[in-house]
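Structural description and commentary
Next come the chains, spelled out residue by residue.
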Amino acid sequence: MTKKKEQLATTYHNEQTLHWSFWLGVSFFVLVIVAICSLAWFVRDKMSADESAPVTSVVISGEMVYTQKTDIEQAIDSINLSNFFNVDVNQVQNEVANLPWVYSVSVRKKWPNELKIYVVDQTPVAYWNGDFLINQQGVAFQADINRIQHPLPAFYGPEGSEIVALDNYINLSELLDYRTLAIDELVLSERFSWQLTLNDGVTLNLGREERVQRIQRFMDIYPLIKKNIKADQQVDYVDLRYDTGLAVGWKPLTVKERV
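This report concerns the structure included in the present document.

Criteria and thresholds
Residues numbered from 1 in each chain as written. Predicted model: local features only at pLDDT ≥ 70, side-chain atom pairs only at ≥ 80, totals over all residues. Heavy atoms only, no water. Core = buried A, V, L, I, M, F, W, Y, C linked by side-chain atoms within 4.5 Å. Buried < 20%, exposed > 50% of the residue type's maximum accessible area, 1.4 Å probe, protein only. Helix = DSSP H or I, 4+ residues; strand = E, 2+ residues; numbered from the N terminus. Contact = heavy atoms within 4.5 Å. Pairing = 2+ DSSP bridges. Axes fitted to C-alpha atoms, helices over the stretch in contact; angles between N-to-C directions. Parallel < 35°, antiparallel > 145°, perpendicular 65-115°, else oblique. Left-handed = near helix turned anticlockwise from the far one by under 90°. Nonpolar A, V, L, I, M, F, W, Y, C, P; charged D, E, K, R; others polar. Expected span 1.5 Å × (residues − 1).

Of all hydrophobic cores here, the largest spans 29 residues; its most connected members are Phe 155, Leu 204, Ile 215 and Phe 218. Counting residues per element, the ones that place at least two in this core are β4 (124-128), α4 (162-176), β8 (183-188), β9 (194-198), β10 (203-207), α5 (211-227) and β11 (233-239). Here the element with the most residues in this core is α4; it accounts for six residues. Setting aside its immediate chain neighbours within four residues, Leu 204 contacts Trp 194, Gln 195, Leu 196, Leu 198, Ile 215, Phe 218, Val 238 and Leu 240. The next biggest cluster of nonpolar side chains, apart from the first, holds 18 residues, and it includes Ala 75, Ile 76, Ile 79 and Phe 84.

And the structure:
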């Protein structure tokens, strides 16, 4: 009889243990579900807050010799920056790229509230036909010339001849540099005849052919021309459109030159 009571007691104990284990397991499961739901709620609220956060910092940098930060700020003034995630970097890039002095621009967002704009300006090499400028790639563009603080040569030529003019300017300038001369003005006619005005005021008529050879001939004879110049004269032009010679035009020495 005693043994039977012990078995009943053991069975009751085991049932109680299973009962408490079951409810402990259920309670733990419920706590895990509550924790996951709470975390999900927190993350959703956090993401919603971040998505509605505005861009509060616009960082402008780059190689900007001519473009001013106020130009860029005005260019993007109409773009809605009130939502960091919704800001279209391509739209920002297009607006800045349309500024006249801008050659290239890159835009990126930096979480959580920053917009970075990096700008590289055009490098003007010469004036083109009075109203335009030419950059290092031989591309004509229009911009505010009042922002240029150093002298530039002036190019004149038919539309579409910008690269030809620039290439010849570079090549001929390298030759003239041996005589410490530079090109102030380069004129390319409709018939592709070349005329240069040097920084000492002398005009060179090169014609259409053999430009390099004719420049070399000029440099060889120019010291002799200057050596034999009269005291009240100066060289007006040198016409090199001859196969074996040249012609020199003279003009009176100006008051400025005499001083």
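On we go.
Our focus in this paragraph is the pairing of β9. The element β9 is extensively covered by neighbouring structure, given that four of its five residues are classed as buried. Sheet topology places β8 next to β9; five bridges connect them, and they run antiparallel. In the sheet register, Val 187 faces β9, and the bridge partner there is Gln 195. If you look at the hairpin formed by β8 and β9, you'll find five residues sitting between the two strands, and Phe 192 has a positive phi there, around 60°.

Let us look at the packing of α4 against α5. Two numbers describe how α4 lies on α5: the axes approach to 10 Å, and their chain directions differ by 25°. Considering their axes alone, α4 and α5 lie roughly parallel with respect to each other. Note that α4 runs across α5; the crossing there is right-handed. Contact residues: Asn 168, Leu 172, Leu 175 and Leu 176 in α4; Arg 211, Val 212, Ile 215, Gln 216, Phe 218 and Met 219 in α5. Counted by class, the contact of α4 with α5 contains seven nonpolar, two polar and one charged residues.

What follows is about the sheet that holds β10. One open sheet accounts for nine strands, arranged β6-β5-β4-β7-β8-β9-β10-β11-β12; its pairing is mixed. This sheet does not close on itself; its edge strands, each paired only once, are β6 (140-141) and β12 (247-252). Of the strand pairs in this sheet, strand β7 (residues 154-156) and β8 are connected by three bridges, and their pairing is parallel. In the sheet register, Ala 154 faces β8, and the bridge partner there is Glu 185. Running at roughly 140° to β8, α4 makes contact with β4, β5 (132-135), β6, β7, β8, β9 and β10 of the sheet. α5 contacts β9, β10, β11 and β12 of the sheet and is inclined by roughly 145° relative to β10.

Let us look at unusual backbone geometry. With the exception of glycine, the majority of residues adopt a negative phi angle, and the majority of peptide bonds are in the trans configuration. Of note, the bond from Trp 111 into Pro 112 is cis; its omega dihedral lies within 30 degrees of zero at 10°. Within the secondary structure, Pro 112 sits in the loop between β2 (102-110) and β3 (114-121). Here Thr 180, not a glycine, exhibits a phi torsion of approximately 50°, which is positive. Along the chain, Thr 180 turns up in the loop between α4 and β8. According to the relative accessible area criterion, Thr 180 is exposed, its value standing at 66%. Although it is not a glycine, Phe 192 adopts a positive phi angle of roughly 60°. Position of Phe 192 relative to the elements: it lies in the loop between β8 and β9. The exposure class assigned to Phe 192 is partly exposed, which follows from its relative accessible area of 39%.

Checked against the element boundaries, Asn 90 lands in helix α3 (residues 89-97). Sequence separation of Asn 90 and Val 107 is 17 residues, and the distance between their C-alpha atoms is 7.6 Å.

Attention now moves to α4. With 15 residues, α4 ought to run about 21 Å at 1.5 Å a step, and its terminal C-alpha atoms sit 21 Å apart, in line with that. For α4, the complete set of buried residues consists of Glu 162, Ala 165, Leu 166, Asn 168, Tyr 169, Leu 172, Ser 173, Leu 175 and Leu 176.

Next up on the list: the sheet that holds strand β1 (residues 57-63). Each strand in a sheet pairs with its neighbour through backbone hydrogen bonds, running either in the same direction (parallel) or in the opposite one (antiparallel). Ordered by their spatial adjacency, three strands build an open sheet running β1-β3-β2, and the pairing between neighbours is mixed. Of all strands in the sheet, those bounded by a partner on one side alone are β1 and β2. In this sheet, neighbouring strand axes are inclined to one another by 15° on average, regardless of whether the strands run parallel or antiparallel. By the bridge criterion, eight bridges tie β2 to β3 in an arrangement that is antiparallel. Opposite Ser 104, over in β3, you have Val 120 as the bridge partner.

Keep in mind these numbers describe shape, not what the thing actually does.
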